[in-house]
Amino acid sequence: MPVCAEDVNIEVQIAEPYLELHTGPGRGYPVTQVVERGEWVAIIVRRTDWFKVRTNQGKEGWVSRAAIETTVTEAGAPIGLRDVLFEDYRSRRFEVGFAGGLLEGDSYMMVHAGYRFHENLTGEFTVGQATGDFSSSMLYYASVLSEPFPEWRFSPFFSLGLGRFQNTPKSTLVGAIETESNMANAALGARFYLTRRFVVRGDYRRHVVFVDENRINEYNEVSLGISLFFY
Amino acid sequence: MLICSRITRAGLLFAMLLPAVCLAQNPEPKETEQVIQPEIDRRNVRIPRIDTEDFEIGAYAGILSVEDFGAKPVYGIRLAYHVSEDFFVEGMYGKSTISDQALCDLGLCLFPNREEDLSYYGLSVGYNVLPGEIFIGRGNAMTSAVYLLAGVGNTSFLDESHFTINVGMGIRVLPVDWLALHLTMRDHIFESDILGTKAIKNNFELTLGMSVYF
């Protein structure tokens, strides 16, 4: 209900015997204030799993999600804050990640961003850069990734992509020319839901580069990386 | 809040009215407010909408020392996402210059110009250690943290790019909760054969930055 979106801070009542207020958003920051059961605090902002609250007396401090979880709202219901779970991973919408690996033996790194438009299908855009002894390459491609078993924690996928391949030889090489060509690729890989927002992901991808009418280059890529998802 | 509860009530009334209208087939139900009177005052149920500030964007400036090619000013931008209280991921892009003046003075001029542009990018994972506070005077305390960084990226100069590993550490001080000051030390490590033989180059960088949480 966007109509109900209010700028007013949400107020919660402490249900546990007491609530400890830390000076910063982390367990290592010291506790300087304690608020007792029955008192009301306003939640101002959230940073990771920590919440900045203000008491009725105007004292401010940070409390952990675990500590504030049991507080109740005006309506008498628990506030209902919880950790990111596997269920959220299964209903994820966006995914961003980066990975490192090898492209035909050359160091390779890439970033990718994806949108999951169907339970089994994700559209992705990837930018990669390979750095070799003689040249460096940039890869840009859009791909569709299909996951046959999205409900598995360890889930294999395959992907098909289309894009551009740019190759820039080192300037010290004689007669080197920069090339830019179309490319297609196919990949087999797997995702593993690690914890919270983290997913580990590994790919084997084969790139086919259409250099000109008579020449096709093929490159193998292996990569391993980490993704973050948003639901 | 007033508007909100009115809309909720209106919706409730409408929903409850609908089957009644259908059954009664009454074209003009007058005084509908009196027909259906909610007996219990509806509680004000609100979904918690808490402002989440897990992203951090900022800029930095400092000195980058490129092995064999002098130390020059560097400046860049940085975006970070705080995944948990311990971990964050960050991306950065920086620009600097390199100079072969020292080599040229010895008669080994390498570059077309004495000073050439350098740019780098990197993606790193950060781990917060040593949380604490910094005290200024008697009445001021700012939260702080030391963090460790490691990541991969690329450094380009003279039309050549070098796969780069970065490792470093930094200190983050927050004067207010949405603003952070960073003092970061980083080593950009890459392999280069620009002086003839292939060798690993360590390129130290010291920067001072500022960022805001959003």
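Residues numbered from 1 in each chain as written. Chains lettered and ligands numbered in written order. Predicted model: local features only at pLDDT ≥ 70, side-chain atom pairs only at ≥ 80, totals over all residues.

A. Molecular detail of the overall build of chain A. Per the secondary structure count, chain A includes two helices and 15 strands. Partitioning the contacts of chain A with sequence separation of at least 6, the portion at a separation of at least 24 is 47%. (Helix = DSSP H or I, 4+ residues; strand = E, 2+ residues; numbered from the N terminus. Contact = placed C-beta atoms within 7 Å.)

B. Spatial organisation of the overall build of chain B. A tally of regular secondary structure across chain B gives three helices and eight strands. In sequence order, the secondary structure elements of chain B are arranged as α-α-β-β-β-α-β-β-β-β-β.

C. Structural context of the sheet that holds strand 1 (residues 55-65) of chain B. Residue and element names in this part refer to chain B. The antiparallel closed barrel is built from eight strands, whose spatial order is 1-2-3-4-5-6-7-8. Averaged over all pairs of adjacent strands, the angle between their axes in this sheet comes to 25°, without regard to strand direction. Pairing of strand 1 with strand 2 (residues 71-82) involves eleven bridges; the strand directions are antiparallel. Residue pairing across strands places Ala59 opposite Ile77, the latter belonging to strand 2. (Pairing = 2+ DSSP bridges. Axes fitted to C-alpha atoms, helices over the stretch in contact; angles between N-to-C directions.)

D. Structural view of the pairing of strand 11 (residues 135-146) of chain A. Here strand 10 (residues 121-131) of chain A pairs with strand 11 of chain A via eleven bridges, running antiparallel. Opposite A:Glu124, over in strand 11 of chain A, you have A:Ser143 as the bridge partner.

E. Quick peek at unusual backbone geometry. Here A:Glu104, not a glycine, exhibits a phi torsion of approximately 50°, which is positive. Within the secondary structure, A:Glu104 sits in the loop between strand 8 (94-103) and strand 9 (106-116). Look at A:Glu104 and you get partly exposed, because 14 C-beta atoms sit within 10 Å. The phi dihedral of B:Leu130 falls on the positive side, at around 45°, and the residue is not glycine. Secondary-structure assignment places B:Leu130 in strand 4 (residues 115-136). C-beta crowding within 10 Å serves as the criterion here: with 12 such atoms nearby, B:Leu130 is assigned to the exposed category. (Buried ≥ 20, exposed ≤ 12 C-beta atoms within 10 Å, placed from the backbone.)

F. Structural context of the sheet that holds strand 11 of chain A. Read once around its circumference, the closed barrel built from eight strands follows the order 8-9-10-11-12-13-14-15 (chain A), with strand pairing classed as antiparallel. The sheet shows a mean angle of 25° between the axes of neighbouring strands, direction not considered.

G. Spatial organisation of the environment of A:Arg92. All names here are of chain A. Its place among the elements puts Arg92 in the loop between helix 2 (86-90) and strand 8. Considering only alpha carbons, one finds Arg92 and Glu104, twelve residues apart in sequence, at a separation of 33 Å. Those residues in contact with Arg92, other than ones at most four positions away along the chain, are Arg116, Phe229, Phe230 and Tyr231.

Note that every value here comes from positions in space, so none of it alone points to a role or purpose.
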